[in-house]
Amino acid sequence: MIKRILTVLLLFPTLVCAQINTDRVMTIARNALYFEDYVLSIQYFNQVINAKPYLYEPYFFRALAKLNLEDFQGAEADCDAAIQRNPFVVGAYQIRGLARIRQSKFDGAIEDYQKALHYDPENITLWHNLTLSHIQKKDYNSAKEDLESLLKVSPRYTRAYLMRGEVSLQQKDTIAALTDFNKALELDKYDPDAWAARAIVKLQQSKYAEAESDFDRAIHLSAKNAGNYINRALARFHQNNLRGAMSDYDLALDIDPNNFIGHYNRGLLRARVGDDNRAIEDFDFVIQMEPDNMMAVFNRGLLRAQTGDYRGAIQDYTTVINQYPNFLAGYYQRSEARRKIGDKKGAEQDEFKVMKAQIDKQNGVTNKDVAQNKDKADGSGDEDGEKTRKKSDKNMNNYRKIVIADDSEAEQRYTSDYRGRVQDKNVNITLEPMFALTYYEKMSDVKRSVNFHKYIEDLNRTGILSKRLRITNMEAPLTEEQVKFHFALIDTHTSAIVADEKSASKRFARAIDFYLVQDFSSAVADLTQTILLDGDFFPAYFMRALIRCKQLEYQKAEQAAETDIPGDKRKEITAVDYEVVRKDLDKVINLAPDFVYAYYNRANVSAMLKDYRAAIADYDKAIELNPDFADAYFNRGLTHIFLGNNKLGISDLSKAGELGIVSAYNVIKRFTDQTE
């Protein structure tokens, strides 16, 4: 989601243009951008730029759209154009800074954030990203200076303490880091990153039980973070809880199937408990990822020998010996495997190599590689007392050690947490969206029930509409091809309407196309005409209510972003404005009392207006009509929590999670330990 950046940056003062058409196109473009239809918004911004290339706004907003489409070079170029036309727009520097960061242009990003802070010195987002840019350059002193300034602006900003703690860790100051992580937890005990950060310090201090406890809390609050399971597995391993560690690696690999450390370490632990065949599978995967990882190859060789695949084992041992010709454990193990297959001559050659190395040592020969391999010929023991090794460690004698991330990888815990990115790290506690009638639906990772109503299905069978109408609250943005297709359809529908002005269905079909290209005003006008022509056609009332609600949502966000503008006389959005939305939904329920989505949408409107008891009554009705309505359970659960009824809320959220809304579990964990 991009609501944080959009509500601050997208909603700048509207353009003051002489031509109404340019105003209207710009409004539609910004509307499309706000509702995350980036490709479509770019098409509209292009039109404005072609008409009035001297304006900065369309370049700025197009840059924001390109940033969200990961066209970082294009976003930077558009910000250049915006700044050239108006060098005083803070948002343009912020967006260009993000685009530069994503291209690893950290010096340029730092310049942008410093320039933006000159105009807006209390902007938390700017200080945050400036700090992380300095961390990327390993300029830790500058990062700490940034954080001091940030904490003066916002003393309760948890992320600042986490970043400062991370900087202290890079400077090897564990005590200072722990102090900052404790402060972050004092401010926000529901931040999973704070628990994970403190847990890592506890790992470094060898306080493994305490580390495990902190990782438990981090996982409780953020169940889909593979890194926390990997690190808790390490804490459990150090406490000799091998089964618990393996369970954590299983969970981590469910979330991140390509995690190198997860596969390597699980392979080692499976070998320790005798699960040889599945251990081989893990090392197969590691070798597929890194064919030159000789430790994985050697471990697989040991396991192949253990399972009777001596020829496969010999092949692996030979691969390792070719890379490390003085690795005595390789010769010893290969000699054993060669004897098993009757290759007595080959076995004796390998045994001679081991014996010669031992004699050379006794005679004072100090071949570095041979000396390093002392006492290793039988493959037992470790080179030192440590149970772990860094991932970059290439010492073959450490092949049996558990792998931990290199410092360079550990540094990345916060350096990707730039503010203003599309993704929100934690689940936002917001209602599931309202339902719409549309042609396109996002794919879901978890299969939910198909949304169905007989009237809509019958409407689809008539062939009046250009595509199959879907009932969904997971609307998909249009691709470039789809944008062109629906613009062309609008022209086709317009010709058909001119030929038959009394056709309600043709008006409705064009309204859907206007809605898809985010031209809400034209869509509402067509839906109103549809209703005048056929007052019993409930889909028109349903869609008009939805579109008007979206218009009000956008206006409220615009209003919130512009409160600091002197002389802004914009009319405040109140509950009265939502009455037209409710009346349309009332009409839908009157015409189609079994259309469950009307109750759900009306409940959402009530919840938005903080009329929670009315919302619960409608969610109750929706669930009565459809006992498997996951979204209604989720929203009713949140509404109960808003009313302080945590127990009822958690029960509903549990049902929503069971029916496929996985984010429900994150919310449950955040409210389980709160009292009623």
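Just so you know, these numbers come straight off a predicted model, no measurement behind them.

Participant: Would you mind showing me how to read the overall build of the protein chain here?
Facilitator: Helix and strand counts for the protein chain stand at 35 helices and 4 strands. In the protein chain, which comprises 676 residues, the proportion classed as buried is 53%. Pairs at least 24 residues apart make up 59% of the contacts formed inside the protein chain by residues separated by at least 6 positions. Within the structure as shown, the protein chain displays about 31000 Å² of accessible surface, and the carbon and sulfur contribution to it stands at 48%.

Participant: Looking at this structure, I do not really get the pattern of salt bridges. What am I missing?
Facilitator: Close approach of charged atoms lets side chains of opposite charge pair. Taken as a whole and judged by the stated rule, the model has 50 salt bridges. A salt bridge links R100 to E76; its shortest N-O distance comes to 3.1 Å. Here R100, found in helix α6 (residues 90-102), pairs with E76, found in helix α5 (residues 72-85); they are 24 residues apart in sequence, far enough to count as distant. Since its relative accessible area comes to 14%, R100 is described here as buried. When the shortest N-O distance is used, the salt bridge between E210 and K202 registers 2.8 Å.

Participant: I'm lost on the packing of helix α13 (residues 208-221) against helix α14 (residues 226-238) in this one. Help?
Facilitator: A pair of packed helices is captured by two measures, namely the crossing angle of their axes and the spacing between those axes. At a closest axis distance of 9 Å, the pairing of α13 and α14 adopts a crossing angle of 155 degrees. The orientation of α13 relative to α14 falls into the category roughly antiparallel. Crossing angle aside, the handedness with which α13 passes α14 is left-handed. Every residue of α14 that contacts α13 at Y208, A211, E212, F215, D216, A218 and I219 is listed here: N228, Y229, N231, R232, A235, R236 and H238.

Participant: Whenever I open this one, the packing of aromatic side chains confuses me. Can you help?
Facilitator: One pair of aromatic rings is described through two measures. These are the centre distance and the angle between the planes. Scanning all chains against the criterion turns up 29 aromatic pairs. On the numbers, 4.9 Å between centres and 50 degrees between planes, the contact of Y455 with F538 is tilted. A residue pair is termed long-range when its members are at least 10 positions apart, and Y455 in helix α25 (residues 454-461) and F538 in helix α29 (residues 538-561) qualify at 83 residues. Residue classification places F538 among the buried positions, given a relative accessible area of 3%. Among the aromatic residues, those joined into a cluster by ring pairs are F435, Y455, F508, F537, F538, F542, F595, Y597, Y600, Y619 and F629. Above the face of the Y264 ring, R389 is positioned so that its terminal group lies 5.0 Å from the ring centre. Sitting over the ring of F35, K550 keeps its end group 5.0 Å from the ring centre.

Participant: Teacher, can you tell me more about the confidence of the model for the protein chain here?
Facilitator: When pLDDT drops low, the exact placement of atoms in the prediction is not to be read closely. Considering every residue of the protein chain, the mean pLDDT works out to 87; 88% of them sit at 70 or more. Every residue in residues 368-384 is under pLDDT 50, and counting partners more than four places away or in other chains gives 36 contacts. Per-residue pLDDT stays below 50 along residues 421-427; that stretch engages in 17 contacts with residues further than four places along the chain or on separate chains.

Participant: Just to check I follow, could you spell out the nonpolar core for this structure?
Facilitator: Within soluble globular proteins, side chains that are nonpolar tend to cluster in buried spots. One finds Y264, F298, L469, F508, F542, M543 and F595 to be the most contacted residues of the largest nonpolar core, which totals 196 residues. Element by element, the count of residues in this core is highest for α29, at 12 residues.

Participant: Would you explain the side chain of H263 in this entry?
Facilitator: Mapped onto the secondary structure, H263 falls in helix α16 (residues 260-272). A relative accessible area of 8% places H263 in the buried class. If we skip the residues at most four places from it in the chain, H263 touches L253, P257, D282, F285 and V286.

Participant: Help me understand the packing of helix α33 (residues 630-642) against helix α35 (residues 663-671) in this model?
Facilitator: Interhelical geometry of α33 versus α35 gives an angle of 15 degrees and a closest axis separation of 11 Å. Compared by their axis directions, α33 and α35 come out roughly parallel. Classified by chirality, the crossing of α35 by α33 is left-handed. Where α33 abuts α35, its residues F634, L638 and I641 lie against S663, A664, V667 and F671. When its residues are assigned to classes, the contact of α33 with α35 shows 6 nonpolar, 1 polar and no charged.

Participant: Just to check I follow, could you spell out the environment of D519 for this structure?
Facilitator: Tracing the chain through its elements places D519 in the loop between α27 (504-516) and α28 (520-533). Taking the C-alpha atoms as reference points, D519 and I28, 491 residues apart in sequence, are found 5.8 Å from one another. Residues contacting D519, with those up to four places away along its chain left out, are R24, I28 and F514. Within the structure, the side chain of D519 is placed 3.0 Å from the side chain of S522, a separation counted as a polar contact.

Participant: Honestly, the environment of N666 in this entry has me stumped. Any pointers?
Facilitator: Position of N666 among the secondary structure elements: in helix α35. Residues N666 and S222 lie 444 residues apart in sequence; the distance between their C-alpha atoms is 6.4 Å.

Reading the values: the criteria
Residues numbered from 1 in each chain as written. Predicted model: local features only at pLDDT ≥ 70, side-chain atom pairs only at ≥ 80, totals over all residues. Heavy atoms only, no water. Helix = DSSP H or I, 4+ residues; strand = E, 2+ residues; numbered from the N terminus. Buried < 20%, exposed > 50% of the residue type's maximum accessible area, 1.4 Å probe, protein only. Contact = heavy atoms within 4.5 Å. Areas by Shrake-Rupley, 256 points an atom, 1.4 Å probe, with all protein chains shown as cover. Salt bridge = Lys/Arg side-chain N within 4 Å of Asp/Glu carboxyl O. Axes fitted to C-alpha atoms, helices over the stretch in contact; angles between N-to-C directions. Parallel < 35°, antiparallel > 145°, perpendicular 65-115°, else oblique. Left-handed = near helix turned anticlockwise from the far one by under 90°. Phe/Tyr/Trp six-rings, centres within 6.5 Å; stacked < 30°, edge-to-face > 60°. Lys NZ or Arg CZ within 6 Å of the ring centre and 35° of its normal. pLDDT = per-residue confidence, 0-100. Core = buried A, V, L, I, M, F, W, Y, C linked by side-chain atoms within 4.5 Å. Nonpolar A, V, L, I, M, F, W, Y, C, P; charged D, E, K, R; others polar. Polar contact = N/O pair within 3.5 Å; in protein donor to acceptor, adjacent residues only side chain to side chain.

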